[in-house]
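# Secondary and tertiary structure notes
What follows is each chain in one-letter form.
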Number of protein chains: 2
Amino acid sequence: MVKEYLYDEIANGIASQINSGVLKSGDKLPSVRMLCRDYGISMNTAKRIFLELEARSLIDSKPQSGYYVSRLPYMKLPLPEVSRPSQKANSNDPDELIRKVYTNMGKEGLTLFSISVPSGLLLPLAKLKKEIIHATTALKDGGAGYEPLQGNLELRRMIAARSLSWGGNLLESDLITTSGGMHALSLCLMALGKAGDTVAVESPCYPGILQVATGLGLKVLELPTHPVTGLEIEALKKAIPKINICLLVPNFSTPLGSCMPEEHKKEMVSLLAKHHIPLIEDDVYGDLCFGMQRPKCCKSFDEEGNVLWCSSVSKTLAPGYRVGWIAPGKYKEKLLQLKLAHAISSTSIVQQAVASFLKRGKYENHLRQLRKVLQENYLNYVEAITAYFPEGTKISRPLGGLALWVEFDKKINTGQLYDLAIKQNISIAPGRMFTLQNQFENCMRLCIGLLWSEEVKFKLRQLGNLACMMLSAS
Amino acid sequence: MVKEYLYDEIANGIASQINSGVLKSGDKLPSVRMLCRDYGISMNTAKRIFLELEARSLIDSKPQSGYYVSRLPYMKLPLPEVSRPSQKANSNDPDELIRKVYTNMGKEGLTLFSISVPSGLLLPLAKLKKEIIHATTALKDGGAGYEPLQGNLELRRMIAARSLSWGGNLLESDLITTSGGMHALSLCLMALGKAGDTVAVESPCYPGILQVATGLGLKVLELPTHPVTGLEIEALKKAIPKINICLLVPNFSTPLGSCMPEEHKKEMVSLLAKHHIPLIEDDVYGDLCFGMQRPKCCKSFDEEGNVLWCSSVSKTLAPGYRVGWIAPGKYKEKLLQLKLAHAISSTSIVQQAVASFLKRGKYENHLRQLRKVLQENYLNYVEAITAYFPEGTKISRPLGGLALWVEFDKKINTGQLYDLAIKQNISIAPGRMFTLQNQFENCMRLCIGLLWSEEVKFKLRQLGNLACMMLSAS
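Residues numbered from 1 in each chain as written. Chains lettered and ligands numbered in written order. Predicted model: local features only at pLDDT ≥ 70, side-chain atom pairs only at ≥ 80, totals over all residues. Heavy atoms only, no water.

Under an unreviewed UniProt entry, the name given to chain A is DNA-binding transcriptional MocR family regulator, and the organism recorded is Pedobacter nutrimenti. Looking at the Sequence similarities (unreviewed entry) heading of the UniProt record, one finds this comment for chain A: "In the C-terminal section; belongs to the class-I pyridoxal-phosphate-dependent aminotransferase family." (UniProt positions renumbered as here; feature names shortened; annotations may be inferred.)

Following this line, the structure appears as structure tokens:
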């Protein structure tokens, strides 16, 4: 256990030095032997650390020479600042903008930088199809009847088994299935909040969360968030007296791609428990880490059942299946009651198909490939952005997930950029979508879940040209 | 059009005379010729009226003699009174009771009189399985990708085409699909209500509606309801100043099985439109009429887009698929926005399977058979109840749907009856589940959607014995 901890700590320490620019592209790393000596670890542990960093594409090995910091062209582009939203709960909804972006998404031939799901070309479609066919015979009544309220047992068992991968130790009875991840969050907010309550979120924040919260009559408090380490703990501490619920995406949040360090997670979980503020943890991107070791979840530090861990397969496997789940801790009864009232049950067939896919061990295999592709995409995007985007552009440093956050010079309005881009069949997600305040108007989110191609590169170039044009015209 | 109207009016007139006991079992009906003369209709129309009444099992033809009122043993049992709930909005939730009933439902070997879905034995499972397999090839990405926000186009087209059967004239663009009927109602309530608003419902009312409404912070006003003709219009008129939304099940509501006459529907729709009170119309049971002619929907009288018509295939075809929909009239934009925020999309595969099932014309065929079975069940239940239940028992007179409402002598508490019955592996739905007030404690709902058998008959007998015992012990 001690070793495991050290291993993580050292690997993340080096990774963060690379990401923060302390170590630069081409720098030589200490040797395996030096690492052993400095940290008092075994050769095996030291080698594993380098393998992990290599898997994250942070370092390259040169035979007979050692390890070097790998190509990281994004170092040329600065990181956006920690966000500074107003400290007042606010609900200035960007409805019109969101409607426009989503309505246009249906158009043929668009390059969809605006979504937050992996392209169908990256999904194991043929295998999934087979699982659906299996499911019609595996299920009683072929899935036409209601399943148990808590959800498909096989699926809950497989999710419980996988919980070890993020430091959890769930039982199947701890889980409730839902119709996708957003349905899980929506049920949690309904269970915990009443009109007038305040929910704390990251800033910028996924628009669906903002819409559901305000729709339920909740006030939303957007908190300062670091693009690499996520929610600022100090800001949360100050906000404690004002908030009733916390809803966060600690692992590879959209749109920032930030990932909270373990010690922050631990501190936050105990802080919130002390103040009896439930934490809804949206972990839909957690499995999409670049590298082999996925981050732990806040739920793994939850001793009081105060964390409601929510996830789905919508970002990793099959968005259209609508398969999600909640480990609601001590709020289980309330959640079951709400699921019954609002949904009665979830669709059986797709849950059974996902359960079987997991059971056959195909999921880990698929994830390995998908993670690699996403990380390659990320590096390709960064290269293209570095080459084509105007001076003053800043970008986030995701270590996983599907989102890249781009901050332009203040003179570029991404709402206007959207209108220009859509004419060239490019759809982006303007920054204003991700807040209820007047901010992020010079930002945008790009989805890195497309299949990389010359076409995608060309579209990024077109986007860059438009932004350059806007800047020089201003 | 005139003829069509007359045909309905005359058939319903005779049916209501039979149901109210004006015409009794064995009474001879007027001849075809007399009907033509009295109403000035053609021979064909007159014959069609008798065929319709025969199809509803209300009359039998005797060769060379004419038509007679058929076996209707329930005439021996009186009808419950019009409900008289308190005129105050109320929220005394029967949570504990509901949780107990639903938790127990999972037990093996129960006779489930407590549910409100048809047994799997009455569903076309093999055909549905084939449709699921077809769907994986018919859909792009095998259904793994998000479908358009508004829902599967084929499905919406088929539902629009079927709208003629209830007097509607919908276009596919008028419809939004949902994850089942309850999801549809939940989205509508979220779209129209804000905490503190009052929603008017029938009394007794489906528990899910009461739970969702109170969960959203809405006040619930239960209105007097007639067991045959549904909501009392006069009561609604008086309540108008107090209410913001109306949510009704005008066709074969659960638990009463009542069906609003057309003229009531028409009057109500115009009344509510005049006062700008939106009507959420839950029509999940409308297709389950006994007889050939299904009742019209309130939506068919909606000229201002003020009626949100909701339905599903959960009560007719495949509960576990979670396929429902809304025709939200002028609230379409709001509903789309909510669906996006809370659910993103619905499961594609099951929608495609249902669409294809409808398209091949299999649905009408299946409905014909299911309606016949349910009506036969109903008559069998009534016979058993008449034979085995204690004196003073009253029952409703559904002309469709899945529910039979039983009212016992005041001395019988159905909460206690539930506890006794469950020990004999019989699950019932106590009346107290269907209200937020202290009433219906001597009532229960029985599901008539089981496959009739000697076993079911025996279970009804056991239930009757328990009730008799309780009465004589009191």
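Counting secondary structure elements, chain A contains 15 helices and 17 strands. Summarising its shape, the C-alpha atoms of chain A cover approximately 60 × 55 × 50 Å along the three principal directions. Taken over 474 residues, chain A has a buried fraction of 63%. A separation of at least 24 residues holds for 76% of the contacts in chain A among residues at least 6 apart in sequence. Where the 56 positive side-chain charges of chain A centre and where its 45 negative ones centre are 2 Å apart. (Helix = DSSP H or I, 4+ residues; strand = E, 2+ residues; numbered from the N terminus. Buried < 20%, exposed > 50% of the residue type's maximum accessible area, 1.4 Å probe, protein only. Contact = heavy atoms within 4.5 Å. Lys, Arg positive; Asp, Glu negative; His and termini not counted. Charge placed at Lys NZ, Arg CZ, Asp CG, Glu CD.)

All names here are of chain B. Most of strand 6 (residues 219-223) is tucked away: 4 of the 5 residues are buried. In this structure, strand 5 (residues 198-202) lies alongside strand 6, joined through 5 bridges in parallel fashion. Its bridge partner being in strand 6, Val-201 is matched across the sheet by Glu-222. Crossover connection from strand 5 via helix 8 (residues 207-215) to parallel strand 6: handedness right-handed. (Pairing = 2+ DSSP bridges. Right-handed = clockwise from strand over helix to strand, strands pointing away.)

Copy one and copy two of the chain differ by a rotation about a common axis and a shift along it. Once turned by 180° and shifted 0.0 Å along the axis, chain A lies on chain B with an RMSD of 0.1 Å. The relationship between the two copies is best expressed as a two-fold rotation axis. Minimal C-alpha distance to the rotation axis in chain A is attained by Ile133(A), lying at 3.0 Å. Same-surface contact between copies: 100% of interface residues of chain A are shared with the interface of chain B. (Least-squares fit on C-alpha atoms with pLDDT ≥ 70 in both.)

Further remarks concern the pattern of salt bridges. Applying the stated criterion to the full structure yields 39 salt bridges over all chains. With a shortest N-O distance of 2.7 Å, Arg294(A) and Asp287(A) are connected by a salt bridge. The class of Arg294(A) is buried, set by a relative accessible area of 8%. Between Glu441(B) and Arg432(B) there is a salt bridge; the shortest N-O distance is 3.8 Å. (Salt bridge = Lys/Arg side-chain N within 4 Å of Asp/Glu carboxyl O.)

Glancing now at the domain arrangement of chain A. All names here are of chain A. Under the domain assignment, chain A is made up of domain 1 (2-71), domain 2 (76-121 + 364-473) and domain 3 (125-361). Between the C-alpha centres of domain 2 and domain 3 there is a distance of 24 Å. Domain 2 puts 48 residues into the contact, and the matching count from domain 3 is 42 residues. For domain 2, the biggest contributors to the area lost against domain 3 are Gln-87, Arg-371 and Phe-434; these three give 17% of the whole. Where domain 2 touches domain 3, the interface holds 1 salt bridge. As a salt-bridge pair, Glu-364 and Arg-162 come within 2.6 Å of each other at their nearest N and O atoms. Run the count over domain 2 and domain 3 and you get 15 residue pairs in polar contact (both at pLDDT 80 or more). Of all elements in the fold, only helix 4 (95-105), helix 13 (362-388) and strand 14 (403-407) reach the threshold of two or more residues within the side of domain 2 that touches domain 3. Tallying contributions element by element places helix 13 first for the side of domain 2 that touches domain 3, with 9 residues. Here the residues of the side of domain 2 that touches domain 3 sort into 23 nonpolar, 16 polar and 9 charged. (Domains from an automatic or database assignment. Buried area = accessible area lost by both parts, 1.4 Å probe. Polar contact = N/O pair within 3.5 Å; in protein donor to acceptor, adjacent residues only side chain to side chain. Nonpolar A, V, L, I, M, F, W, Y, C, P; charged D, E, K, R; others polar.)

In this section: unusual backbone geometry. Ser203(A) connects to Pro204(A) through a cis peptide bond whose omega is 0°. Tracing the chain through its elements places Pro204(A) in the loop between strand 5 (198-202) and helix 8 (207-215). Even without being glycine, Asp141(B) reaches a positive phi, approximately 60°. Mapped onto the elements of the fold, Asp141(B) is located in the loop between helix 5 (125-138) and helix 6 (153-162).

All names here are of chain A. Overall, mixed pairing links the 7 strands, which are arranged 4-12-11-10-9-5-6 in an open sheet. Taken across any chain shown, the strands that pair with only one partner, and hence form the sheet edges, are strand 4 (176-178) and strand 6 (219-223). Going across the sheet, the axis of each strand differs from the next one's by a mean of 20°, ignoring polarity. As judged from the 4 bridges shared by strand 11 (residues 307-312) and strand 12 (residues 324-327), these two strands associate in the antiparallel manner. For Ser-311, the partnering residue across the bridge sits in strand 12 and is Trp-325. Sitting on the sheet, helix 11 (residues 332-343) is in contact with strand 4, strand 11 and strand 12, with an inclination near 35° to strand 4. (Axes fitted to C-alpha atoms, helices over the stretch in contact; angles between N-to-C directions.)

Take the interface of chain A and chain B next. Interfaces are often described in size by the accessible area the parts lose on coming together. Counting from both sides, the interface comprises 49 residues of chain A and, opposite them, 49 residues of chain B. Roughly 4,000 Å² is buried in total at the junction of chain A and chain B, and carbon and sulfur atoms are behind 62% of that figure. Inspection of the region where chain A meets chain B yields 2 salt bridges. A salt bridge links Glu333(B) to Arg99(A); the shortest N-O distance between them is 3.5 Å. In this structure, the connection of chain A to chain B is made through 17 residue pairs in polar contact (both at pLDDT 80 or more). Residue assignment for the side of chain A that touches chain B shows that the elements contributing at least two residues are helix 4, helix 5 (125-138), helix 7 (181-192), helix 8, helix 11 and helix 12 (348-359) of chain A.

Attention now goes to the side chain of Ser203(A). All names here are of chain A. Relative to the helices and strands, Ser-203 resides in the loop between strand 5 and helix 8. Classification of Ser-203 as buried rests on a relative accessible area of 0%. Leave out the neighbours within four places in its chain, and Ser-203 touches Ser-83, Pro-85, Glu-222, Leu-223, Thr-225, Leu-256, Gln-439 and Phe-440.

On to the sheet that holds strand 12 (residues 324-327) of chain B. Residues and elements named next belong to chain B. Ordered in space as 4-12-11-10-9-5-6, the 7 strands form an open sheet in which the pairing is mixed. Looking at which strands have only one partner, the edges of the open sheet turn out to be strand 4 (176-178) and strand 6. In this sheet, adjacent strand axes meet at a mean angle of 20° when their direction is disregarded. Summarising the sheet, strand 4 and strand 12 pair through 3 bridges and their orientation is antiparallel. Opposite Thr-178, over in strand 12, you have Gly-324 as the bridge partner.

With that settled, the discussion passes to the pairing of strand 10 (residues 279-282) of chain B. Successive residues of a regular strand alternate their side chains across the two faces of the sheet. Residues and elements named next belong to chain B. Here strand 10 shows a buried face lined by Leu-279 and Glu-281 and a second buried face lined by Ile-280 and Asp-282. Note: strand 9 (residues 245-248) against strand 10, 3 bridges, orientation parallel. From the neighbouring strand, Leu-247 faces strand 10, where its bridge partner is Ile-280. On the question of chirality, the crossover connecting strand 9 to the parallel strand 10 by way of helix 10 (residues 262-274) is right-handed. As paired strands, strand 10 and strand 11 (residues 307-312) are joined by 4 bridges and run parallel to one another. Paired with Asp-282 across the strands is Cys-310, a residue of strand 11.

What follows is about the packing of aromatic side chains. Applying the stated rule across the entire model yields 18 aromatic pairs over all chains. Consider the rings of Trp405(A) and Phe440(A), whose centres lie 5.5 Å apart with planes at 85°: the pair is edge-to-face. Within this pair, whereas Trp405(A) is found in strand 14, its partner Phe440(A) is found in the loop between strand 16 (429-430) and strand 17 (443-447), the two being separated by 35 residues in sequence. Assessed through its relative accessible area of 12%, Phe440(A) is described here as buried. Judged by centre distance (4.4 Å) and plane angle (35°), the rings of Trp166(B) and Trp309(B) are tilted. Here Trp166(B), found in the loop between helix 6 and strand 4, pairs with Trp309(B), found in strand 11; they are 143 residues apart in sequence, far enough to count as distant. On the accessibility criterion, Trp166(B) (2% relative accessible area) is buried. A network of ring pairs unites the aromatic residues Phe113(A), Tyr381(A) and Trp452(A) as a single cluster. (Phe/Tyr/Trp six-rings, centres within 6.5 Å; stacked < 30°, edge-to-face > 60°.)

A separate point is the nonpolar core. In terms of nonpolar packing, the biggest core is built from 247 residues, with Tyr321(A), Leu446(A), Tyr321(B) and Leu446(B) touching the most fellow members. Residues within four places of Tyr321(B) in sequence aside, it is in contact with Gly142(A), Gly143(A), Ala144(A), Thr347(A), Ile349(A), Leu128(B), Ile132(B), Val350(B), Ala353(B) and Val354(B). (Core = buried A, V, L, I, M, F, W, Y, C linked by side-chain atoms within 4.5 Å.)

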